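Topology and contacts: notes
Here is how the chains run, residue by residue.
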Amino acid sequence: MKLNVKILNTVKVSGSILLTLGILTFFYSFFVNDYRNLAGISIGIIMGAVFIFLMGVFFVATEEMLKTSDKGIHLEPTKKN
C-alpha cells in the first residue's frame, strides 16, 4: 500500500504543477501578452496534466484490484458430457 500512496502522491504533485503552469501560461497569453499561439500550447499542457493524473489514478486502482483479486471466488469450468 505504501507504493500506491507514493505513486498517487507523485502523480498528484506532478499533475498539479503542470496544471498550474498551464493555467498561468493561458492567462499570460490572453491577458498580458495577447499572443494567441501560446494559448494552444497552454491548453495542451493542461490536457497533459489531466491525462497524467487520470492515468496515475488508473494504474493505482488497477494495482489494487490485482492485489485483491486472489481473495475472490474461483469458478471451475464445467465439463461437457
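Please refer to the structure higher up on the page.
**Some thoughts on the overall build of the protein**
- Helices and strands together make up the secondary structure of the protein, namely two helices and zero strands.
- Put simply, the protein has 81 residues, and 15% of those count as buried.
- Restricting to contacts in the protein with at least 6 residues of sequence separation, those with at least 24 account for 61%.
- Here the protein displays about 6,800 Å² of accessible surface, and carbon together with sulfur accounts for 72% of that area.

**Structural notes on the packing of helix H1 (residues 2–32) against helix H2 (residues 37–68)**
- Across the interface, H1 lies against H2 with an axial gap of 8 Å and an inter-helix angle of 165 degrees. Judged on the interaxial angle alone, H2 and H1 are roughly antiparallel. Crossing geometry of H1 relative to H2 is assigned as left-handed.
- Among the residues forming the contact of H1 with H2, the class breakdown is 20 nonpolar, eight polar and four charged.

**Observations regarding a nonpolar patch on the surface**
- Taken together, Leu8, Leu19, Ile23, Phe27, Tyr28, Phe30, Phe31, Val32, Val50, Phe53, Leu54 and Val57 make up a surface patch of nonpolar side chains, about 1,100 Å² in accessible area.
- Sorting the residues of the nonpolar patch by element identifies H1 and H2 as the ones contributing at least two each.
- Among the elements that make up the nonpolar patch, the one with the highest residue count is H1 (eight residues).
- Positionally, Val50 belongs in helix H2.

**A short note on the side chain of Thr25**
- Relative to the assigned elements, Thr25 resides in helix H1.
- Once residues lying within four places of it in the same chain are set aside, the contact partners of Thr25 are Leu38 and Ser42.

**Some words on the side chain of Asn4**
- Among the structural elements, Asn4 can be located in helix H1.
- Side-chain polar atoms of Asn4 contact the side chain of Glu64, separated by 2.4 Å.

**A few points about the packing of aromatic side chains**
- Considering all chains together, one arrives at four aromatic pairs under this definition.
- Geometrically, the ring pair formed by Phe58 and Phe59 is tilted, given 6.1 Å between the ring centres and 50 degrees between the ring planes.

**Digging into the environment of Val57**
- Mapping Val57 onto the fold places it in helix H2.
- Along the sequence, Val57 and Asn4 sit 53 residues apart, while their C-alpha atoms lie 9.4 Å from each other.

**With respect to H2**
- For H2, spanning 32 residues, the distance from its first C-alpha to its last is 48 Å, which sits close to the expected 46 Å at 1.5 Å a residue.
- Of all the positions in H2, only Leu38, Ala39, Ser42, Ala49, Gly56 and Val60 are classed as buried.

Thresholds, definitions, all that
- Counting restarts for each chain, with residues numbered from 1 along the sequence as it is written.
- Reporting of local features is limited, given that this is a predicted model, to residues whose pLDDT is at least 70; pairs of side-chain atoms are given and counted only at 80 or more, and all residues count toward the totals for whole chains, interfaces and linings.
- Here the side-chain values reflect all heavy atoms present in the structure, with hydrogen atoms and water set aside.
- Runs of E in the DSSP output that reach at least two residues are strands. Runs of H or I that reach at least four are helices, and both are numbered from the N terminus.
- Only protein chains enter the accessibility calculation, which uses a 1.4 Å probe; a residue whose area is less than 20% of its type maximum is buried, one above 50% is exposed, and one in between is partly exposed.
- Should any heavy atoms of two residues lie within 4.5 Å, those residues are considered in contact.
- The Shrake-Rupley method, run with a 1.4 Å probe, gives the accessible areas here. Residue values count only the displayed protein chains as cover.
- To define axes, lines are fitted to C-alpha atoms, for helices over the stretch in contact only, and angles between the resulting N-to-C directions are given on a 0 to 180 degree scale.
- By the definition adopted for this analysis, an angle is roughly parallel if under 35 degrees, roughly antiparallel if over 145, roughly perpendicular if from 65 to 115, and oblique otherwise.
- The handedness criterion is simple: a crossing whose near helix is rotated anticlockwise from the far helix by less than a right angle is left-handed, and one whose near helix is rotated clockwise is right-handed.
- In this classification, Asp, Glu, Lys and Arg are treated as charged, Ala, Val, Leu, Ile, Met, Phe, Trp, Tyr, Cys and Pro as nonpolar, and every other residue, Gly included, as polar.
- Patch criteria: residues need more than 30% relative accessible area and no salt bridge. Like-charged residues are merged within 9 Å; nonpolar side chains of Val, Leu, Ile, Met, Phe, Trp and Tyr are merged within 5 Å.
- Basic side-chain nitrogens of Lys or Arg form a salt bridge, by our definition, when they fall within 4 Å of a carboxyl oxygen of Asp or Glu.
- What qualifies as a polar contact is a pair of N or O atoms within 3.5 Å, subject to a donor-acceptor requirement within protein and to the restriction that residues adjacent in sequence count only when both atoms come from side chains.
- Any Phe, Tyr or Trp ring, taking Trp's six-membered ring, that has another such ring centre within 6.5 Å forms a pair; planes under 30 degrees apart are called stacked, those over 60 apart edge-to-face, and the others tilted.
- An expected span of 1.5 Å times one less than the residue number is assigned to each helix.

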